Every structure is written in C-alpha cells, then in structure tokens.
Amino acid sequence: MKKIISVLAVALLATTMIFAGGSKEDSGKAKIGVAMPTKDLQRWNQDGANMKAELEKAGYAVDLQYANNDIAMQVSQVENMLTAGCDALVIASIDGSALKSVLDVAKEDGVPVIAYDRLIMNSSAISYYATFDNYKVGTIQGEYLVDALNLKDRDSSDPVYMELFTGSPDDNNINFFFGGAMDVLNPYFDSGVIVVRSGQTSKAQCATLNWSTEEAQKRMENLISSNGYGPEGTKLDAVYSSNDSVAIGITNALLAAGYTAENFPLVTGQDCDVTSVKHMIDGTQAMSVFKDTRTLASKVVEMVDALMKGSEPPINDRETYDNGTGVIPSYLCEPVFGTVDNYKELLIDTGYYSEDQLK
Ligand code: BGC
C-alpha cells in the first residue's frame, strides 16, 4: 500500500510539473516568457527561434508562444506566462494598445517587460524597447524610389504614377515606416512629380489590417480595376509598400493584371522574407529592407540578462519612442537596403538563408 501511495505521489508531482510547464532541467533557472504575434510571416518564426536559442544558451528557461494574430489569444498567453511564474516578459504585440490590463498585473508582480520590435502603447509596465530604426526603414524605401525613378530630374510635365500601401493601423511601427517614407516623398507629391491617381495618400487610407497579404492583394486589385492600370492600360510606375507581406499581395495582383518582369512597377518592401527575395530575383519586387533578426534577438537577450542581474542594459536611444506614458529607453538596430544585387552577401553569406531556401 505504502508503495502504491508513493508511486501515485511521484506521478502526481510529475504531472504537476508538466502542467506548470516545468521540467527537471528547467528548475532553478529564471524563466522568460516570449510572446510572438504569428507564425504566418517568416520573420517572427526566425525571431522566436533565435530568441529561444539565445536565451537558453544564456542559461534561461523559455516559454515561447505564437498567437496566430489573435489579440485575445495573445492576452491569454501573457496571462498564463505570469501565472506560470515567468521572471521577465518579451512581447512582440499584435495590437500595441490591447495589453495594458494584463501588463498592469506584470507591474504589480514586479515582472519586467521588454517590448520587442513593436512598441506597446499606454502601459507604464514597459521597461525597455528593442527594435530597428523604423524611421530609417521608411527613409531607405523612400530614397530608393527617388533614385530609381529619377525624381530629382523630373518635373510635373513628366510625372511618375504611384500607389501607396502601409501596414496594420494597430502597429505603432507604421507611423515610422510610412512617416519616414512620406517625409522623403512629400516634396514630390507637392510639386506634382508623383501622382497618386486613386487620391489615397493618408495613412488610414493606405493601411492594411494585420499586414495581411490577402487584404493587400484585394486593395491592389481594386486599384487596378478602378484606375485601369495594366501593361497596356494606365501607366503605373511604382507601388510603395511598407513591408514584404503587403508587397507579396501587391505583386500577386500586378502579375494577375498581366505585368511581367520586363515592365513590372517598382514595388518596395521590408524583411527580406523568402517569397520576396524570390520575387526580387524574378524581377517582380524591386527592393526590400533587411533587418537581421539575429542582432535584435541578441540585444534583447543582453537586456534580459542585465535586468535579471541588476546591471545596465544596452540602450542607444532615449528620445524617439514615447508610448503615451513617457519615453521608453530603446535599443535601435540598423536596417540595411537589400536588392537582387546584394542579397547574396546579406542573406546567404551570413547564413541567414541557405541557397536552397531561395530556389
Ligand atoms: C515589423 C515588420 C513586419 C510587420 C508585419 C512590423 O511591426 O517591424 O518587420 O513586416 O510588422 O509582421
């Protein structure tokens, strides 16, 4: 009987540990909750995987969750991380304004929170923010269009025709991507050197909920049919897109309208997502901005480590990112311009992708 009871007790203990998400190996290690928005876009898989590997290498236990772009799911994942006793949270939010209540709990529990890539708004629980220089992403895209379309040498008698797309309205980053690009392009709108036939130029009109490829494709299809764009139709020189998931939808619609690599409008992007790199190689996307998620993950691991050890985390910006409760000390990584001409150096030589992945 005694034996049966002790066997049951061991089994119960093991089950409790499994449900608490713990394992023998993890016990004693500080635990870090990492909440990512979705597996749909390649970059977040890479971000999550890099972060988990680096945190584990630094001696932490990791609870990594993806939320399928579902805001309620992300809130409950973060709640569970707190209930399971995570010592710090790293969150790439879906809706930057939807986490305030759950993060109030983190603050009460003394659990530090790092906003990853996207700033979490209106919460005083955010200790640090790690991202890329998002304004620079926008200016790189805008400057590319200025050069490639030769805008400096044109006047309004010889304009270029362009349409504009940005990302999700609940993502604070679009203010910087779209804002940076428009700061570069605005003088050309004003002088009539760029014409947007649809007249849709405000951030709200150009937004794409959830950065959805399908939504972007639908909007581009509508723009094509309402303005008569096409290789034989109304002239379209370029489509500004803030990122690759949106660019892919635009490219799909342009291909369906009959454009080929020979006459393809210049489409911009960001992330060097595999599909977009293939499009750059095929001539159906003009450029992308490479943001090496390995660098971002390493910086965040340094931040976590500093927080856990009570030392100074790496910070290189104390003025740009105000989340509504004050400026959040940030680390901004460098974005890099990418095209078909340098993708090999950027992506293959550095081991970010294998050559096979891009076939
Ligand atoms: C990220 C981009 C990404 C987009 C869609 C943004 O917050 O900074 O890299 O393309 O979200 O996932």
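Residues numbered from 1 in each chain as written. Predicted model: local features only at pLDDT ≥ 70, side-chain atom pairs only at ≥ 80, totals over all residues. Heavy atoms only, no water.

A. Spotlight on the site of the ligand. Around the ligand, a shell composed of 13 residues is seen, among which R43, D117, D171, N243 and D271 lie nearest. In the model, an oxygen atom of the ligand is placed 2.7 Å from a nitrogen or oxygen of the R118 side chain. Within the side chain of D271, an N or O atom sits 2.5 Å from an oxygen atom of the ligand. Burial of the ligand by the protein chains amounts to 98% of its free accessible area of 310 Å². Residue assignment for the shell around the ligand shows that the elements contributing at least two residues are α2 (42-57) and α6 (173-190). (Near = heavy atom within 4 Å. Polar contact = N/O pair within 3.5 Å; in protein donor to acceptor, adjacent residues only side chain to side chain. Areas by Shrake-Rupley, 256 points an atom, 1.4 Å probe, with all protein chains shown as cover. Helix = DSSP H or I, 4+ residues; strand = E, 2+ residues; numbered from the N terminus.)

B. Region of interest: the packing of helix α9 (residues 244-256) against helix α10 (residues 274-282). Their axes nearest at 9 Å, the elements α9 and α10 cross at an angle of 50°. In terms of orientation, α9 and α10 fall into the oblique class. The element α9 and its partner α10 pack so that their crossing is left-handed. On α10, the residues touching D244, I248, T251 and N252 of α9 are T275, S276 and H279. Class assignment for the residues of the contact of α9 with α10 results in one nonpolar, five polar and one charged. (Axes fitted to C-alpha atoms, helices over the stretch in contact; angles between N-to-C directions. Parallel < 35°, antiparallel > 145°, perpendicular 65-115°, else oblique. Left-handed = near helix turned anticlockwise from the far one by under 90°. Contact = heavy atoms within 4.5 Å. Nonpolar A, V, L, I, M, F, W, Y, C, P; charged D, E, K, R; others polar.)

C. Main features of the packing of helix α8 (residues 213-227) against α9. Running from N to C, α8 and α9 point in directions that differ by 40°, and their axes come no closer than 7 Å. Regarding the angle of α8 to α9, the classification is oblique. As for how α8 packs across α9, the hand of that crossing is right-handed. Counted together, T213, A216, Q217, M220, E221 and I224 of α8 and S245, V246, I248, G249, I250, N252, A253 and L254 of α9 form the full contact between these two elements. A breakdown of the residues in the contact of α8 with α9 according to their chemical character gives eight nonpolar, five polar and one charged.

D. Geometry of the nonpolar core. Counting residues in each nonpolar core, the largest one holds 46 residues, and the members touching the most others are M220 and L254. Of all the secondary structure elements, the ones that give two or more residues to this core are α5 (134-148), β6 (160-165), α6, α8, β8 (238-241), α9 and β9 (266-267). Looking at this core, the element that brings in the most residues is α6, giving nine residues. Apart from residues no more than four positions distant in its own chain, L254 is found in contact with M220, I224, L236, V239, Y259, F264, P265 and V267. (Core = buried A, V, L, I, M, F, W, Y, C linked by side-chain atoms within 4.5 Å. Buried < 20%, exposed > 50% of the residue type's maximum accessible area, 1.4 Å probe, protein only.)

E. Just the confidence of the model for the protein chain, in detail. Residues at a pLDDT of 70 or more form 93% of the protein chain, whose mean pLDDT is 94. Low confidence marks residues 7-24, where pLDDT is under 50. Its contacts with residues over four positions away, or in another chain, come to six contacts. (pLDDT = per-residue confidence, 0-100.)

F. A look at the sheet that holds strand β2 (residues 61-66). Spatial strand order, β2-β1-β3-β4-β5-β11: six strands in an open sheet with parallel pairing. In the strand order of this sheet, the two ends are held by β2 and β11 (330-333), each with one partner. Averaged over all neighbouring strand pairs, the angle between strand axes comes to 15°, with direction disregarded. As paired elements, strand β3 (residues 88-91) and strand β4 (residues 113-116) share three bridges and run parallel to each other. Bridged to V90 within β4 is I114. Contacting β3, β4 and β5 (126-132), helix α4 (residues 100-108) runs over the sheet at an angle of about 150° to β3. (Pairing = 2+ DSSP bridges.)

G. Spatial organisation of unusual backbone geometry. Of note in the backbone geometry, N69 takes a positive phi value of approximately 55° without being a glycine. When you line up the elements, N69 lands in the loop between β2 and α3 (71-83). According to the relative accessible area criterion, N69 is partly exposed, its value standing at 21%. For N150, which is not glycine, the phi dihedral falls at a positive 60°. Inspection of the secondary structure puts N150 in the loop between α5 and β6.

H. Up close: the packing of aromatic side chains. Summed over the entire model, instances satisfying the criterion amount to eight aromatic pairs. The interplanar angle of 80° and the centroid separation of 4.8 Å between the aromatic rings of F290 and Y352 together place this pair among those described as edge-to-face. Pair noted here: F290 is in strand β10 (residues 288-290) and Y352 is in the segment after α12 (343-348), with a separation of 62 residues, a long-range link. In textbook terms, an aromatic cluster arises when at least three aromatic residues are bridged by ring pairs, as seen for Y129, F176 and Y321. Above the face of the F165 ring, R219 is positioned so that its terminal group lies 4.3 Å from the ring centre. (Phe/Tyr/Trp six-rings, centres within 6.5 Å; stacked < 30°, edge-to-face > 60°. Lys NZ or Arg CZ within 6 Å of the ring centre and 35° of its normal.)

I. Looking closely at the domain arrangement of the protein chain. The domain boundaries assigned to the protein chain delineate domain 1 (27-132 + 293-333) and domain 2 (134-291). Each of domain 1 and domain 2 was reduced to a C-alpha centroid, and the two centroids are 31 Å apart. Each side of the interface is counted separately: domain 1 has 17 residues, and domain 2 has 14 residues. Contact between domain 1 and domain 2 buries roughly 1,400 Å² in total, counting both sides, with carbon and sulfur atoms accounting for 45%. The largest share of the area that domain 1 buries against domain 2 comes from L41, Q42 and F132, three residues that together contribute 32% of it. Counting the contacts that link domain 1 with domain 2 gives two salt bridges. (Domains from an automatic or database assignment. Buried area = accessible area lost by both parts, 1.4 Å probe. Salt bridge = Lys/Arg side-chain N within 4 Å of Asp/Glu carboxyl O.)

J. Structural context of the pattern of salt bridges. Under the defined criterion, the tally for this structure stands at 14 salt bridges. With its nearest N and O atoms 2.8 Å apart, the salt bridge here joins D47 to R43. With D47 and R43 both in helix α2, this residue pair falls four residues apart, about one helical turn. The same class applies to D47 and to R43, which are both buried. In the salt-bridge network here, residues are joined through shared partners; they are R43, D47, D117 and K291.

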